[in-house]
Amino acid sequence: MKESVDVQRREEGIAVITLNRPHAANALSKRLLGDLREAICQIRHDSSVRAVLITGAGEKAFCAGADLKERKTMTAAEVKQTVQLIGKTIHEVEALPQPVIAAVNGAAFGGGLELALACDIRIVSKRAKMGLTETSLAIIPGAGGTQRLPRLIGVGKAKELIFTAKKLSAEEAEQIGLAEYAVEPEALREFALNLAKQIVKNAPLALMQAKTAINQGMQVSLTAGLEIERLAYQSLIATEDRLEGLRAFAEKRPPQYQGK
């Protein structure tokens, strides 16, 4: 049986995670969630991985959200457990220490968009459609969508999209800041990989601390956020990479960061 999640580790220090159920619009089945959590766990502890790219197999869907065919067979208790599993898995993506890029190659609805929201940067194919459409199914986003979307695009616009269950085009997503870039479908993977390559040139410990400072700082007051930033900065002062950065600058050469 084909793996539901494919993981490719590239020489540049980039891990590419591909949701691999194109026949089911890469929907979040229990098996896929288990495979994704395993991949995330391995990458979290792999110091050779400096950036992560998440995408979907095929051209039609990034991730259609929950596997509704599978859900039809579940009891109410099983549905609750599965919704919690989706939420936990998406949170684990957000909690990865490395920068994570979502390359949204097609439809991203419900839990699929919630997965993209948990990534640090979103690049979308101009063919993609996306939305938190749960209210049209008599539920609400249950894997972080009601919390992450307003933090990204503002409360009023997030309420509009969730209340109306509107499906956005790639261009609309880019205009409101839901996506950083909307690119031609054939250029999506290369564009995302080039961005990841720009990221991995920089010091991995600094990237991790910058991500921590931004993510944690967004949840607190400015005063508390500045303290988080100060502590993150201080943790880097004694690193070998900081000294290497200074040497490379003085010697006018590219730095060779080791993550130490």
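Numbers given to residues run from 1 along each chain, matching the order in which its sequence is written. Given that the model is predicted, a residue must reach a pLDDT of at least 70 before its local features are reported, and side-chain atom pairs must reach 80 or more before they are shown or counted; all residues, however, enter totals for whole chains, interfaces and linings. To get the side-chain values, all heavy atoms of the structure are used, and hydrogens and water are removed first.

A. Structural context of the packing of helix H5 (residues 145-153) against helix H6 (residues 155-164). Angles here are taken between N-to-C directions and fall from 0 to 180 degrees, while the axes themselves are lines fitted to C-alpha atoms, restricted in helices to the stretch in contact. A run of H or I in DSSP becomes a helix once it reaches four residues, and a run of E becomes a strand once it reaches two; helices and strands are each numbered from the N terminus. Where H5 contacts H6, the axes come no closer than 7 Å and their chain directions differ by 135 degrees. The angle between the axes of H5 and H6 places the two elements in the oblique class. Crossing hand, H5 versus H6: right-handed. Only Val-155, Lys-157, Ala-158, Leu-161 and Ile-162 of H6 make contact with H5, whose side of the interface consists of Gly-145, Thr-146, Leu-149, Pro-150 and Ile-153. Any residue that is not Ala, Val, Leu, Ile, Met, Phe, Trp, Tyr, Cys, Pro, Asp, Glu, Lys or Arg is counted as polar, Gly included; the first ten are nonpolar and the last four charged. Partitioning the contact of H5 with H6 into residue classes produces 7 nonpolar, 2 polar and 1 charged. Throughout, the term roughly parallel applies to angles under 35 degrees, roughly antiparallel to angles over 145, roughly perpendicular to angles from 65 to 115, and oblique to all others. In this scheme the crossing of two helices becomes right-handed for a clockwise turn of the near helix relative to the far one and left-handed for an anticlockwise turn of less than a right angle. Contacts: residue pairs with any heavy atoms within 4.5 Å of one another.

B. The arrangement of the nonpolar core in detail. Note on terminology: a nonpolar core comprises buried Ala, Val, Leu, Ile, Met, Phe, Trp, Tyr and Cys residues joined through side-chain atoms within 4.5 Å. Partly exposed residues are those whose accessible area sits between 20% and 50% of the maximum for their type, while under 20% is buried and over 50% is exposed, using a 1.4 Å probe and protein chains only. Core analysis: the biggest nonpolar cluster contains 46 residues, and Ile-54, Phe-62, Met-130, Leu-149 and Leu-178 have the highest contact counts within it. Not counting residues within four places of it along the chain, the set of residues in contact with Leu-149 comprises Leu-117, Leu-132, Gly-154, Ala-158, Leu-161, Ile-162 and Leu-178. Listed in part, the 16 residues of the second largest apolar core include Ile-101, Ile-123, Val-200 and Leu-207.

C. Representation of the pairing of strand E7 (residues 121-125) in the model. Among the 5 residues that make up E7, 4 are buried, leaving the element largely enclosed by the rest of the structure. In this structure, strand E5 (residues 100-104) lies alongside E7, joined through 4 bridges in parallel fashion. Looking at the pairing, Ile-101 lines up with Ile-121 of E7. Two strands are said to pair when DSSP picks up at least two bridges between them. Two strands pair when backbone bridges link them, and E7 and strand E10 (residues 181-183) are joined in this way by 3 bridges, in the parallel orientation. Bridged to Ser-125 within E10 is Val-183.

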